[in-house]
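The lines below spell out each chain.
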Amino acid sequence: MANEKIRNFCIIAHIDHGKSTLADRILEKTETVAIRDMEEQLLDNMDIERERGITIKARAVRLKYTAQDGEDYIFNLIDTPGHVDFNYEVSRSLAACEGAILVVDASQGIEAQTLANTYLAIEHDLEVVPVVNKIDLPSADPERVCAEVENVIGIPAMDAPRISAKMGTNIEAVLEKIVTDIPAPKGDPDKPLKALIFDSYYDSYKGVIIYVRVKEGTVRVGDNIRLMATGAVFNVVEAGFMDASSLNNNGSLEAGEVGYIAASIKSIGDTRVGDTVTNDDNPCDEPLPGYRKVNPMVFSGIYPADGAKYGDLRDALEKLQLNDASLSFEPETSIALGFGFRCGFLGLLHMEIIQERLEREYNLDLITTAPSVIYKVTFTNGEVQYIDNPTNYPDPALIQCAEEPMVKASILAPSDYVGNIMELCQDRRGNFKDMKYLDDTRVELHYELPLNEIVYDFFDVLKSRTKGYASFDYEMMGYAPSKLVKLDILLNGDIVDALSFIVHADKAYPRARKIAEKLKDNIPRQLFEVPIQAAIGGKIIARETVKAVRKDVLAKCYGGDITRKKKLLEKQKEGKKRMRQLGTVEVPQEAFMSVLKLDS
Amino acid sequence: MNDLGIYIHVPFCGRKCPYCDFYSVPYCAGTVSAYTDAVLRNIRHYSEPERTVSTLYFGGGTPSLLTPEQLGSIISEVRNSFRLSDSAEITLEANPNTLTPEKLSILRNSGINRLSVGVQSLLDDELKMLGRTHSAERAEKAVRDAAAAGFGNISCDLMIALPGQSPEKLRRSAERLAALPIQHISAYILKAEEGTPFAESEFLKELPDDDLSAELYLETVRIMAENGFEQYEISNFARKDFESRHNCRYWKCQDYLGIGPAAHSCYGGKRFAVPRDIGQFTGQDFQTEEVTDDAPCGFEETAMLRLRLTEGIDLDDFPEHRRSIEKKAPALAEAGYVRFDGRKLSLTPEGFLVSNAVIGQLIF
């Protein structure tokens, strides 16, 4: 296949603006999928993705299209994760393309996420093809939206196809735009192999399948390939492309093509997104630019509610990691929660997805600790340590300087809510950078915020304060010195390690009071009075008490009927399983979870 | 062969009390007669001529609605089918309204030697609230008549933690009760059982909260002690040697055979219940046994039941659990919930109030 007949592109869209639906229509129009095989939204194949309407992992599909010029074209549609947590993966997917279709909702206009990903595409020199979707909605205003795209992003948009992916309206115009506007890939099939890994997944029969974009050279079945970042060498068993439902082993992939390689790779840890694949016998001089190891940003302890399920939890995490190299975990022991794992995530959504998958797909009942970010601590002796677990936070006397990670946040919302948003960001220790009006009614705000202020519930609160209209995106921007303190929670005088967390000194008091109140509400009265205290160092800054219970149900055993009494006993036994015994105090699972949601 | 206790559930009431959720049906002479025949058939069915029956208990419902002849025939049948001990405790639950001097004297002659009278309160406003048809005066008279008829072992029920009850009010009622010629008092905390009219009544909102209920319970324990009634179980108080031998069988995991609809048994190595259906009971040759437990009296059950008694448990009986209990007991003792001397462990009145939690903590 000559390169000038190939188009490699992705679709950028905000959640719910119709990315998956458009992808499906394109698949349908190019007859990649027989109509009878059509299932709504083929590209998202995880339940959680579908339910949340987001795409978590990239997939790539090869399509054949006969254009109006009578020529046959090969389209490689690369699906990108739409969320900020997967920012790096998005950037690698973009690096595999020459163009991007920008889908904008005809009534909602541009959102923060769209903007961030579009800028990313432009940074990668991609040709951006705007498309206005949902023109069938009564509130659609394609002209306004096109003007917004031109004003805000600065690309021509007046001739953008006006479509309805849902109704299948005007899809051909999009396909023609792909042919005419997106450049064909360059590259020489005879040069040494240079291919970009933009995704991978684990197949239990073939091992790790890597998705690649071949930039230079050719890869053939039987070749020895080297993954340049890890240095691992494998023998290629299959090389080919994916259609909507299966892998097609073509025997080779050439410069310009997008496809997959199977090489009996056992561990997904060897195949890092962004790495360069080259030929081990005839390697290229240097890897493709832009590779970096993805580091987790948010950490949390995950414990089985039932201690006996520790092994099950480990197995489940290992299985998830097979398909998700960005998930990290290592064993951790908590006095309060027993044996569990310290898990690292790319961000909040990633964390939620992992927790949800563990609970749903592996049927595990979990207790998770408050998410923590990585703090940078410089000791008085000059040593520097990165702390991802509040339990390990050093004695303040030993700290010369503590720093916390900051993010650049961008928030888009109707201008009516600017006051609410500013109040929230101020409350979360944000530094206002700038604000600009996208049009008469919509505004974009930029803030610098500490990551630890957004890991709890920032997005939820933002949504509720803007009636759901605000969209939010952030990127990491390094560390900044901060007045941090470690807040400990004590039950009956003993520190509960799983409840300790790092907080800015100014927020310690209100946070401590709120946590103490929450715990009081969630720890049932028991045989002994339970003092709840919050402390910084040795200093108690908040206190509540759960009074001792005076009376419980005195089931009658009239006429020798002990069934009720036994039921009570059984219930108690069951309840006890959901309790953590901390000294003499029984703490229900809910109490640990309740402190994670302080604002609700 | 172990001795046996027999419980006869008599599911008839002249009128259903609004707080009661035990099984009962309206009184009807014809049904009672068919019922009595079925009880007799069942006693014969379970016949063990060599086995000693040391307690027989007519519970209800309102067993005093049976005629003395009907009660007598049942006692005779027990005597024919088992070895009914000469010193057997034979109890009849009775509603004060059904007890006349004549009937009491016939009952006494039929072999019944213990009465459990449903007094509940000796304050008329409380009785009215509970939907009882007797007055305080009527109840007192019934009890005095019973004593006069030769009953030397009389128990009375007392309900506590009633809507609007203060410790003072409780004391007025309880002291008046303790002054009667009786040997035993069962004091139950009123509970609004789901599905009963009481649970939907206006009184519900005046029901004491847990803290006041606890206070009323402890006050009851004090009043009983002051008047010579020693607590031997969570809800039961007796003058020396007048503990209910039948009820103690329940707490001590001793065999008891229950006959009648809704009766429960721990008999023949299993626990079973008879369906709550009078029609089925009278229509069948033998009652249906719905097994609820085919391996009763394990450690948890035994400990849970025994700990309802003030004598508690002896750790020598549970060597496998000794260490675990020894570890947990001192903190509970220090808080005043249990008495523990290193071997014997029992609950205090404060412990009885939270017995679920205390027992749960000790045995799980």
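Residues numbered from 1 in each chain as written. Chains lettered and ligands numbered in written order. Predicted model: local features only at pLDDT ≥ 70, side-chain atom pairs only at ≥ 80, totals over all residues. Heavy atoms only, no water.

### Quick word on the overall build of chain A
Next, step 1: Helix and strand counts for chain A come out as 14 helices and 32 strands.
Next, step 2: Taken over the C-alpha trace, chain A has a radius of gyration of 27 Å; the compact-globule value for 600 residues is 25 Å, and the two agree within 12%.
Next, step 3: Taken along its principal axes, the extent of the C-alpha atoms in chain A is 85 × 70 × 60 Å.
Next, step 4: Partitioning the contacts of chain A with sequence separation of at least 6, the portion at a separation of at least 24 is 69%.
Next, step 5: Accessible surface, chain A: about 24,900 Å² in total, of which carbon and sulfur atoms supply 48%.
Next, step 6: Between the centroid of the 72 positive side chains of chain A and the centroid of its 94 negative side chains there is a distance of 8 Å. (Helix = DSSP H or I, 4+ residues; strand = E, 2+ residues; numbered from the N terminus. Rg over C-alpha atoms; globule rule 2.2 N^0.38 Å. Contact = heavy atoms within 4.5 Å. Areas by Shrake-Rupley, 256 points an atom, 1.4 Å probe, with all protein chains shown as cover. Lys, Arg positive; Asp, Glu negative; His and termini not counted. Charge placed at Lys NZ, Arg CZ, Asp CG, Glu CD.)

### Things to note about the interface of chain B and chain A
Interfaces are often described in size by the accessible area the parts lose on coming together.
Next, step 1: Chain B puts 46 residues into the contact, and the matching count from chain A is 29 residues.
Next, step 2: For the pair chain B and chain A, the two sides together bury roughly 3,500 Å², of which 58% comes from carbon and sulfur.
Next, step 3: The residue Lys551(A) makes a salt bridge to Asp210(B) at a minimum N-O spacing of 3.7 Å.
Next, step 4: For the pair chain B and chain A, the number of links is 15 residue pairs in polar contact (both at pLDDT 80 or more).
Next, step 5: A total of 8 residues in the side of chain B that touches chain A trace back to one element, the largest contributor, which is helix 13 (residues 355-363) of chain B.
Next, step 6: In terms of residue class, the side of chain B that touches chain A is built from 25 nonpolar, 9 polar and 12 charged. (Buried area = accessible area lost by both parts, 1.4 Å probe. Salt bridge = Lys/Arg side-chain N within 4 Å of Asp/Glu carboxyl O. Polar contact = N/O pair within 3.5 Å; in protein donor to acceptor, adjacent residues only side chain to side chain. Nonpolar A, V, L, I, M, F, W, Y, C, P; charged D, E, K, R; others polar.)

### A word on the packing of aromatic side chains
Next, step 1: What the rule picks out here adds up to 21 aromatic pairs over all chains.
Next, step 2: Centre to centre, the rings of Phe528(A) and Tyr337(B) are 6.1 Å apart; their planes meet at 70°, and the pair counts as edge-to-face. Linking Phe528(A) in the loop between helix 12 (505-522) and strand 29 (530-536) with Tyr337(B) in the loop between helix 11 (319-334) and strand 16 (338-340), this pair reaches from one chain into another.
Next, step 3: Of the residues examined, Tyr337(B) reaches a relative accessible area of 8% and is grouped as buried.
Next, step 4: Put simply, the rings of Tyr310(A), Phe329(A), Phe339(A) and Phe341(A) pair up and form one aromatic cluster.
Next, step 5: Positioned over the ring face of Tyr73(A) is Lys5(A), at 5.8 Å from the centre of the ring.
Next, step 6: The ring of Phe229(B) has Arg239(B) sitting right over it, with the charged end atom 4.1 Å from the ring centre. (Phe/Tyr/Trp six-rings, centres within 6.5 Å; stacked < 30°, edge-to-face > 60°. Buried < 20%, exposed > 50% of the residue type's maximum accessible area, 1.4 Å probe, protein only. Lys NZ or Arg CZ within 6 Å of the ring centre and 35° of its normal.)

### Topic: the packing of helix 6 (residues 167-178) of chain B against helix 7 (residues 210-226) of chain B
All names here are of chain B.
Next, step 1: The interhelical angle for the contact between helix 6 and helix 7, taken along N-to-C directions, is 35°, at an axis separation of 10 Å. As for the relative orientation of helix 6 and helix 7, their crossing is right-handed in sense. Here helix 6 contributes Pro167, Leu170, Arg171, Ala174 and Glu175 to the contact with helix 7, which in turn contributes Leu212, Glu215, Leu216, Glu219, Thr220, Ile223, Met224 and Glu226.
Next, step 2: Considered class by class, the residues forming the contact of helix 6 with helix 7 number 7 nonpolar, 1 polar and 5 charged. (Axes fitted to C-alpha atoms, helices over the stretch in contact; angles between N-to-C directions. Left-handed = near helix turned anticlockwise from the far one by under 90°.)

### Re the domain arrangement of chain B
Residues and elements named next belong to chain B.
Next, step 1: Domains assigned within chain B are domain 1 (4-250) and domain 2 (299-363).
Next, step 2: Here the C-alpha centre of domain 2 lies 29 Å away from the C-alpha centre of domain 1.
Next, step 3: Listed as interface residues are 11 residues of domain 1 and, on the opposing side, 9 residues of domain 2.
Next, step 4: Across the interface of domain 1 and domain 2, roughly 910 Å² is buried in total on both sides, 70% from carbon and sulfur atoms.
Next, step 5: Per-residue buried area on domain 1 facing domain 2 is highest for Leu218, Glu233 and Ile234; these three make up 47% of the total on that side. (Domains from an automatic or database assignment.)

### Brief notes about a negative patch on the surface
Next, step 1: Together, Asp306(A), Asp312(A), Asp315(A) and Glu318(A) make up a region of like negative charge exposed at the surface.
Next, step 2: Of the residues examined, Glu318(A) reaches a relative accessible area of 40% and is grouped as partly exposed. (Patch = residues over 30% accessible without salt bridge, like charges linked within 9 Å, V, L, I, M, F, W, Y side chains within 5 Å.)

### Observations concerning the nonpolar core
Next, step 1: One finds Ile8(B) and Phe58(B) to be the most contacted residues of the largest nonpolar core, which totals 118 residues.
Next, step 2: Top element by residues in this core is helix 7 of chain B. It accounts for 7 residues.
Next, step 3: In this structure, Ile8(B) is in contact with Tyr35(B), Val39(B), Leu56(B), Tyr57(B), Phe58(B), Gly59(B), Ile74(B) and Ile259(B), ignoring residues within four places of it in sequence.
Next, step 4: Counting residues in hydrophobic clusters, the runner-up holds 49 residues, among them Phe329(A), Ile399(A), Ile411(A) and Ala413(A). (Core = buried A, V, L, I, M, F, W, Y, C linked by side-chain atoms within 4.5 Å.)

### Looking at the domain arrangement of chain A
All names here are of chain A.
Next, step 1: For chain A, the domain assignment lists domain 1 (3-181), domain 2 (194-279), domain 3 (298-368), domain 4 (375-482) and domain 5 (486-594).
Next, step 2: Tallying the contact residues gives 6 residues for domain 3 and 6 residues for domain 4.
Next, step 3: At the junction of domain 3 and domain 4, the tally comes to 1 salt bridge.
Next, step 4: The salt bridge partner of Asp388 is Arg342, with a shortest N-O separation of 3.8 Å.
Next, step 5: Inspection of the domain 3/domain 4 interface yields 2 residue pairs in polar contact (both at pLDDT 80 or more).

### A closer look at the pairing of strand 1 (residues 4-10) of chain B
All names here are of chain B.
Next, step 1: Taking burial as the measure, the 7 residues of strand 1 include 7 buried ones, the bulk of the element.
Next, step 2: Covered by surrounding structure in strand 1 are Leu4, Ile6, Ile8 and Val10 together with Gly5, Tyr7 and His9, the residues of both alternating faces.
Next, step 3: Pairing analysis gives 7 bridges linking strand 1 to strand 4 (residues 52-60), with the strands arranged parallel. Bridging from a neighbouring strand, Leu4 pairs with Val53 of strand 4.
Next, step 4: Two strands pair when backbone bridges link them, and strand 1 and strand 11 (residues 256-259) are joined in this way by 4 bridges, in the parallel orientation. Note that in strand 11 the partner of Tyr7 across the bridge is Gly258. (Pairing = 2+ DSSP bridges.)

### Thoughts on empty space enclosed by the protein
Residues and elements named next belong to chain A.
Next, step 1: Inspection of every chain in the model, using the stated rule, returns 6 cavities of 30 Å³ or more.
Next, step 2: Each pocket or cavity is described by its volume, and for the largest cavity that value is around 70 Å³.
Next, step 3: For the largest cavity, the lining is made up of 12 residues, of which Ala370, Leu499, Phe501, Ile515 and Val595 are closest to its centre.
Next, step 4: Looking at the lining of the largest cavity residue by residue, the classes come out as 10 nonpolar, 1 polar and 1 charged. (1 Å grid on protein atoms, 1.4 Å probe; cavity = no way out; pocket = protein on both sides within 12 Å on 5 of 7 lines; lining within 4 Å. Points joined across faces, edges and corners; volume = space filled by probe spheres on them.)

### Some thoughts on the pattern of salt bridges
All names here are of chain B.
Next, step 1: Applying the stated criterion across every chain, the model contains 57 salt bridges over all chains.
Next, step 2: Glu140 is the partner of Arg176 in a salt bridge, and the nearest nitrogen-oxygen pair spans 3.0 Å. With a gap of 36 residues between them, Arg176 in helix 6 and Glu140 in helix 5 (residues 136-148) connect regions that are remote in the sequence.
Next, step 3: Ionic pairing is found between Lys141 and Asp145, a salt bridge with its closest N-O pair at 2.7 Å. One end of the pair, Lys141, and the other, Asp145, are both in helix 5, 4 residues apart, so they sit about a helical turn from each other.

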